[in-house]
Amino acid sequence: MGRRELKRTGLNGDGWYEVSRWMALIRVAEARDIPELAETLSQAFDGDPVLSWVVRDDDKRPKALRRLFTYILRESIPHGEVTATAELDACAVWVPPGIWAKPPGLLESLLMLPETLRWAGWDRLRRFMDMDAAEYKKRPKKPHFYLAILGVRPSRQGTGLGSSLLGHTLSRLDEAGMPAYLENSNPANTPLYERHGFRVFDEFSLRGGGPTEWCMWRDPRGPSVNS
Ligand SMILES: CC(C)(COP(=O)(O)OP(=O)(O)OC[C@H]1O[C@@H](n2cnc3c(N)ncnc32)[C@H](O)[C@@H]1OP(=O)(O)O)[C@@H](O)C(=O)NCCC(=O)NCCS
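A quick note: this is a predicted structure, and the numbers were derived from the prediction, not measured. (Residues numbered from 1 in each chain as written. Predicted model: local features only at pLDDT ≥ 70, side-chain atom pairs only at ≥ 80, totals over all residues.)

Turning our eyes to something else, we now look at the overall build of the protein chain. Looking only at helices and strands, one finds six helices and nine strands in the protein chain. Here the protein chain, with 227 residues, has 34% of them falling under the buried criterion. Contacts in the protein chain between residues at least 24 apart in sequence constitute 69% of all its contacts with a sequence separation of at least 6. (Helix = DSSP H or I, 4+ residues; strand = E, 2+ residues; numbered from the N terminus. Buried ≥ 20, exposed ≤ 12 C-beta atoms within 10 Å, placed from the backbone. Contact = placed C-beta atoms within 7 Å.)

Following this line, the structure appears as structure tokens:
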């Protein structure tokens with residue numbers, strides 16, 4: 001799946017869009033969107049329990065969050081499944097099966113160390129690496145689409161953009177018969193994910209008294225009997 005399979009319900013001059021069931025204009029994110037989307041996600045996740053635990057907590061924190069999301073977007077956008085609203089005020093980072101499925105090897109981790117340090121600082125480096133390892137350990141082996149990040153600018157939260165992005169990709173996964181997986185870092189989001197068919201099947205707490213993450217799985221929905 002990818003941009004080529006987006007329905008051609010709207011072509012807005014600078015990209016492919018689909019008008020979702022919730023009437024938000026949604027399109028596949030591109031490399032040129034990264035600065036704006038990194039800002040959107042930094043703002044969205046500023047109070048997130050897990051990132052508040054692992055990202056540095058000094059005056060470099062805003063920059064560290066932007067760098068972290070810039071890195072995640074750079075790594076995920078080429079797979080063609082990151083979606084965003086037309087105004088780039090909401091973003092869903094999905095990755096297809098097999099991507100980020102295995103933890104990085106020793107060499108890769110060493111090469112990543114300077115960047116990880118910029119996100120976490122020395123004080124929280126251990127926490128960051130523990131989180132990464134714990135998340136990899138819980139990742140189901142069965143092929144699935146992984147929702148790594150879903151975030152909406154604080155000023156637009158509660159207006160349906162997160163549901164729009166979720167529903168957009170999930171309906172495509174239903175057509176493809178593909179399951180989905182996510183780690184929910186905030187219990188306030190559980191009802192939203194449950195409404196979209198995800199179920200909690202496991203949980204883990206980060207070492208040293210850190211927050212809990214809930215592992216949520218969604219089997220694809222079959223065609224409705226009425227359709
Ligand atoms: C969680 C999030 C993506 C939902 O997107 P949204 O556009 O705000 O949500 P929608 O308007 O589509 O749906 C509203 C539902 O989202 C949930 N929700 C979670 N956090 C919310 C928030 N800060 N404001 C409003 N709704 C929120 C509620 O369950 C709400 O359902 P309700 O109306 O029954 O209370 C968005 O609020 C966000 O970016 N939050 C901060 C980052 C985050 O927690 N991301 C997910 C990490 S697992």
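Still to come is the rest of the account.
Attention now goes to the site of the ligand. Taken together, 20 residues are adjacent to the ligand, and Gln157, Gly158, Gly162, Ser163 and Leu192 come closest. Taken together, the residues of the shell around the ligand break down into eight nonpolar, eleven polar and one charged. (Near = placed C-beta within 6 Å. Nonpolar A, V, L, I, M, F, W, Y, C, P; charged D, E, K, R; others polar.)

For the rest of this paragraph, the subject is the packing of helix H3 (residues 61-76) against helix H4 (residues 106-138). One can describe the packing of H3 onto H4 by two numbers: an axis separation of 8 Å at closest approach and a directional angle of 140°. The angle between H3 and H4 falls in the class oblique. For the element pair H3 and H4, the recorded crossing hand is left-handed. Judged by residue contacts, Ala64, Arg67, Leu68 and Tyr71 of H3 engage Glu115, Arg118 and Trp119 from H4. A class-by-class count of the residues in the contact of H3 with H4 yields four nonpolar, no polar and three charged. (Axes fitted to C-alpha atoms, helices over the stretch in contact; angles between N-to-C directions. Parallel < 35°, antiparallel > 145°, perpendicular 65-115°, else oblique. Left-handed = near helix turned anticlockwise from the far one by under 90°.)

Along the chain, the position of Glu115 falls in helix H4. Under the C-beta neighbour-count criterion, Glu115 is labelled exposed, with 12 such atoms within 10 Å. Residues Glu115 and Ala64 lie 51 residues apart in sequence; the distance between their C-alpha atoms is 9.5 Å.

For Arg207, the location among the structural elements is in the loop between strand E8 (199-205) and strand E9 (212-218). Taking the C-alpha atoms as reference points, Arg207 and Met131, 76 residues apart in sequence, are found 8.1 Å from one another.

Turning to the packing of helix H1 (residues 34-44) against H3, a few remarks are in order. Direction vectors running N to C along H1 and H3 enclose 125°, while the axes themselves pass 8 Å from each other. Accordingly, the angle class assigned to the pair H1 and H3 is oblique. Seen from above, H1 lies across H3 with right-handed handedness. Counting all contacts with H1, which are made through Ile34, Leu37, Ala38, Glu39, Leu41 and Ser42, the residues of H3 involved are Pro62, Leu65, Arg66, Phe69, Thr70, Leu73 and Arg74. For the contact of H1 with H3, the class distribution of residues is eight nonpolar, two polar and three charged.

Within the largest apolar cluster, 50 residues are counted, with the highest numbers of intra-cluster contacts made by Val82, Cys91 and Ala92. With residues near it in sequence (within four places) discarded, Ala92 still touches Val82, Thr83, Leu147, Leu150, Leu165, Leu166 and Thr169. (Core = buried A, V, L, I, M, F, W, Y, C linked by C-beta atoms within 7 Å.)

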